[in-house]
Every structure is written in structure tokens, then in C-alpha cells.
Amino acid sequence: MKRYDAIKRIVESTDDEFIISNIGFPSRELFGIKDRKNTFYMSGSMGMATPIGLGLSLALEQNQDDRKVIVIDGDGSLLMNFGELVTVYAQNPSNLIIALIDNEAYGSTGSQETYASRINLSNIAKSIGFNEVYYIDAKNSVDDIDMQDYVNKKGPVFLHIKVNPGNSDAPIIDLTPSKIKNRFMKQIHE
């Protein structure tokens, strides 16, 4: 199974949660699977999906809004901005789920190998202090991915999903960055 299969399973098992998606192919694949107004597709800024999700989750908590935030991030982006895990742990949002899809590759730039093949990102999240860390080996099947198993847990939740490298034939997102932002912000305020 590849990243596309994991993203499809995540979307199939979500309800009204907000989703922040990593740049490039992950956002394109998510858009092609199911475009939702409560999804923020990153179109740039590699390594910033989790920080944006953290900001949203903290704002929701401050407003006593119990909706959940799911970040679909990648191993390459996480490795680029590794301090984000420390910041998430220190801020301790109860409504944030990081669904890290680890294909050991920079999928959007030609599938060059990342260092995720040499380190265990779940163990790193645990060593930072995350209490809710789950590892799913989805290389053969994505059946174990059910976001409803995690949305009721007190976060932050770190869900490490291991998949095979490879991109799908995903469509280009035909929404401008302004359109994506504006419709997403409208969903936040509803």
C-alpha cells in the first residue's frame, strides 16, 4: 500500500474533523479522493503542515471548540522541521492528531530516500514525551487505519503510518490558495 491508500482510508474514517494536508502529492491525492471545505491543502511551505495544525488546534481549544484537527504529514516534511514535535508536546493540545505517513521518501520531488529509513520516528515521538503514539505498518494493508479509534483519545496523538513509496496519478488542485484559505476559514467559524 502507498500513501494514496493511507490517505483514502483516513478520509473514509473521518467525519467533520479539520484536515491540514502536507504539500505536493499528499494534498493532490487528498483533493482527488474527496474535496472537503474543512480541508486545508498546503501548496507550499514544506514542513509547516503540523505547525499550522497546532495553531488551529490551540485556537479551537481557546474558544472551547471541541472539534478535532488531523494533520496529514510526511516523513520528509517532519525531518525538515523536526522542532515541531517538541513544540506540539510543549503546547499539549488535546485535540490534535498527527497522521505521519512515512514512505521513507520525498515523494513530491522524485522519491529520493529520506533518513526515515534509518531511524524510528515513533520512538522519537515517545522520547519527546508523547503519551499517545501508535505505529501502523500499512505496507500490505490499510485496514488498521480507522481515525475514529484516535479522535476520542486525549491528544496530542502521533499516528505513525508506514507505507511503500510511490505517487498516484493525482489531479492538480484547481483551487487558488486564496480560495482554499477562505473556504477553510469559513468552516472554522461555522
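Before reading on, note that the structure itself is shown above.
None of these values were measured; they are calculated from a predicted model. (Residues numbered from 1 in each chain as written. Predicted model: local features only at pLDDT ≥ 70, side-chain atom pairs only at ≥ 80, totals over all residues. Heavy atoms only, no water.)

S.K.: For this particular structure, what's the right way to read the packing of helix α1 (residues 3-12) against helix α2 (residues 25-33)?
M.R.: When two helices pack together, their arrangement is given by the angle between their axes and by how far apart the axes lie. Look at α1 against α2: their axes get within 10 Å of each other, and the N-to-C directions meet at 50 degrees. Classified by the angle between their axes, α1 and α2 sit oblique to one another. Every pair of crossing elements has a handedness; the one defined by α1 and α2 is right-handed. Contacts between α1 and α2 involve Arg3, Tyr4, Ile7, Lys8 and Val11 from the former and Phe25, Pro26, Glu29, Leu30 and Ile33 from the latter. (Axes fitted to C-alpha atoms, helices over the stretch in contact; angles between N-to-C directions. Helix = DSSP H or I, 4+ residues; strand = E, 2+ residues; numbered from the N terminus. Parallel < 35°, antiparallel > 145°, perpendicular 65-115°, else oblique. Left-handed = near helix turned anticlockwise from the far one by under 90°. Contact = heavy atoms within 4.5 Å.)

S.K.: Where do I start with the packing of aromatic side chains in this structure?
M.R.: The description of two aromatic rings rests on the distance between their centres and on the angle between their planes. Here the structure, examined in full by the defined rule, presents six aromatic pairs. Ring centres of Phe40 and Phe184 lie 5.5 Å apart, and the angle between their planes is 55 degrees; on these two criteria the pair is classed as tilted. Separated by 144 residues along the polypeptide, Phe40 in strand β2 (residues 39-41) and Phe184 in helix α8 (residues 177-188) bring together distant segments of the chain. Taken as a pair, Phe40 and Phe184 share a single burial class, namely buried. Feature note: the residues Phe18, Phe40 and Phe184 constitute an aromatic cluster, connected by ring pairs. (Phe/Tyr/Trp six-rings, centres within 6.5 Å; stacked < 30°, edge-to-face > 60°. Buried < 20%, exposed > 50% of the residue type's maximum accessible area, 1.4 Å probe, protein only.)

S.K.: What exactly am I supposed to notice about the sheet that holds strand β1 (residues 18-21) here?
M.R.: The strands making up a sheet are joined through hydrogen bonds of the backbone, oriented either antiparallel or parallel. Spatial ordering of the open sheet is given by β2-β1-β3-β4-β8-β7, a layout of six strands whose pairing is parallel. Each edge of the open sheet carries a strand with a single partner, namely β2 and β7 (132-137). Across the sheet, the axes of successive neighbouring strands diverge by a mean angle of 15 degrees, strand direction being ignored. Across the sheet, α1 is in contact with β3 (69-74), β4 (96-102) and β8 (157-162); its angle to β4 comes to roughly 155 degrees. (Pairing = 2+ DSSP bridges.)

S.K.: It is not clear to me how the pairing of β1 should be interpreted in this structure. Could you clarify?
M.R.: Two faces, one strand: in a regular strand the side chains alternate between the faces of the sheet. Because side chains alternate across β1, one face comprises the buried residues Phe18 and Ile20, and the other comprises Ile19 and Ser21, equally buried. Examined bridge by bridge, β1 and β2 share three bridges and lie parallel to one another. Paired with Ser21 across the bridge in β2 is Tyr41. In this view, the connection linking β1 to its parallel neighbour β2 by way of α2 has right-handed handedness. (Right-handed = clockwise from strand over helix to strand, strands pointing away.)

S.K.: Just to check I follow, could you spell out the packing of helix α3 (residues 49-62) against helix α5 (residues 83-91) for this structure?
M.R.: Where α3 contacts α5, the axes come no closer than 10 Å and their chain directions differ by 10 degrees. The orientation of α3 relative to α5 falls into the category roughly parallel. Crossing geometry of α3 relative to α5 is assigned as left-handed. Across from Thr50, Pro51, Leu54 and Leu58 in α3, the residues of α5 making contact are Glu84, Thr87, Val88 and Gln91. Taken together, the residues of the contact of α3 with α5 break down into four nonpolar, three polar and one charged. (Nonpolar A, V, L, I, M, F, W, Y, C, P; charged D, E, K, R; others polar.)

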